[in-house]
Structures are given as structure tokens and as C-alpha cells.
Amino acid sequence: MNQTKIISKILFYICSVLSAGYLITFVYSLFCLITGFAVTPYKEEKFLHINYPFTEQPFLNIENNYPYMIFSFIAVLVTYGIFFWLSARVFKVFFQDKLFTQENIIQLKKFYLYNIFIPLPLVIIASFFVEVESMIWGLVFIHFMLGIFCLFLANIFKQGLHLQNEQDLFI
């Protein structure tokens with residue numbers, strides 16, 4: 001179990017950093033796009049550079065049209081920021097002193113609900129406004145499978161909590 005705690009702690013920190021990176025990039029990008037701060041159009045204003053703060057160095061390159069900005073850029077940043085945040089919370093479950101707790105089950109439940117019910121509707125809605133590449137449908141399927149796997153884990157944890165509580169009564 002010590003190996004599991006070490007690996008889950010490392011993955012917790014990696015996912016936390018990734019989540020922070022995606023969410024900070026989301027907030028900065030949204031601020032730039034709304035205010036025009038650090039945004040440089042190029043190629044006859046068909047594309048935009050979102051520059052690093054207070055520089056002319058390009059940080060992100062995006063198409064200059066609203067459907068792309070919303071569905072292929074902003075939505076991706078925020079949904080993956082949330083995904084990695086929820087992933088970090090799931091990995092945190094596995095290095096707790098007590099594994100079978102109601103709080104840990106709630107973390108698993110949030111993760112599986114997010115992965116089962118968010119990617120598919122989001123991509124379907126986006127497909128009405130932007131071209132969705134075939135690889136994206138594969139990612140939706142992977143998220144769905146992650147959600148199902150986590151659903152199984154949550155059910156195992158519920159059973160473990162139930163058995164743990166019964167044993168606590170007998171001791």
C-alpha cells in the first residue's frame with residue numbers, strides 16, 4: 001500500500017499543477033479576449049496571438065472567430081482545468097489514512113459524474129458550431145470509460161465503508 005500512496009501523491013501534485021495551469025490560462029485568456037489586453041491580430045486578422053503578460057511574445061495562437069474561441073479554446077481550457085482538479089482529488093483519496101470514508105466516495109462520485117455527463121454533451125453542442133476532429137470523439141470515449149471505471153471504484157468504496165462500519169460496531 002505504501003507504493004500506492006507514493007504514486008498517488010505524485011499524481012496528485014502533477015494533476016494539481018496541470019489544473020492550476022489550465023485554469024490560470026483560462027482566466028488570463030478570457031481577460032485578454034474580453035479587454036483586448038496583450039492580443040495581437042495577424043494574417044489579416046484571421047488569427048490572434050495572446051501574448052505573455054506585458055510582452056509582445058506570443059503565448060497562445062487562436063483563430064479570430066467566436067465559435068472557435070468559445071468551443072475549441074475557452075471550453076477546452078476550463079473543462080480540462082476542472083478535469084485535472086477532480087483527478088487530483090481522486091488521487092488524494094488513495095493516500096489518506098482512512099480509505100473508506102464518505103468524503104472519499106463523494107470525490108469519486110464527482111469524478112465519474114463529470115466524466116460520464118460533461119464531455120459528450122459539450123462535444124455534441126460544439127459540433128454545431130465548429131468542426132470536431134475524429135480524435136475528439138476518441139477522447140470523449142476515454143473520458144466515458146474513466147467515468148465508468150471510477151463508478152465501479154465508488155461502488156467498491158461504498159461497500160468497503162459499509163463493511164468497515166459494521167466491523168467498527170463489533171470491535
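Residues numbered from 1 in each chain as written. Predicted model: local features only at pLDDT ≥ 70, side-chain atom pairs only at ≥ 80, totals over all residues. Heavy atoms only, no water.

In the nomenclature of an unreviewed UniProt entry, the chain is known as DUF2975 domain-containing protein of Chryseobacterium sediminis.

Take the UniProt feature "transmembrane region" (unreviewed entry) in the chain next. Sites flagged by UniProt as "transmembrane region" (unreviewed entry) map to residues 12-39, 68-91, 111-130 and 136-157. The distance separating the terminal C-alpha atoms of residues 111-130 is 27 Å; by composition the span is 80% helix and 0% strand. The span residues 136-157 shows a helical share of 100% and a strand share of 0%, and its end C-alpha atoms are spaced 31 Å apart. (UniProt positions renumbered as here; feature names shortened; annotations may be inferred. Helix = DSSP H or I, 4+ residues; strand = E, 2+ residues; numbered from the N terminus.)

Phe94, Leu108, Phe111 and Phe157 are the most contacted members of the largest nonpolar core, which totals 22 residues. If near-sequence neighbours (up to four positions away) are discounted, Phe94 is found in contact with Thr4, Lys5, Ser8, Leu99, Leu153 and Phe157. If you look at the next biggest cluster of nonpolar residues, it comprises 12 residues, including Phe26, Cys32, Ile50 and Phe73. (Core = buried A, V, L, I, M, F, W, Y, C linked by side-chain atoms within 4.5 Å. Buried < 20%, exposed > 50% of the residue type's maximum accessible area, 1.4 Å probe, protein only. Contact = heavy atoms within 4.5 Å.)

For sheets, the rule is that strands pair by backbone hydrogen bonds, running either parallel or antiparallel. The strand order across the open sheet formed by three strands is β1-β2-β3, and the pairing between neighbours is antiparallel. Only two strands of the sheet have a single partner each, and these edge strands are β1 (39-42) and β3 (58-63). Here the average twist between neighbouring strands, direction ignored, is 25°. As defined by bridge partners, β1 adjoins strand β2 (residues 47-51) across four bridges and the pair is classed as antiparallel. Each bridged residue has a counterpart across the sheet, and for Thr40 the counterpart in β2 is His49. Each of β1, β2 and β3 touches helix α1 (residues 2-35); the most contacted strand, β2, lies at about 120° to it. Seen against the sheet, helix α2 (residues 66-93) touches β2 and β3 and runs at an angle of roughly 125° to β3. (Pairing = 2+ DSSP bridges. Axes fitted to C-alpha atoms, helices over the stretch in contact; angles between N-to-C directions.)

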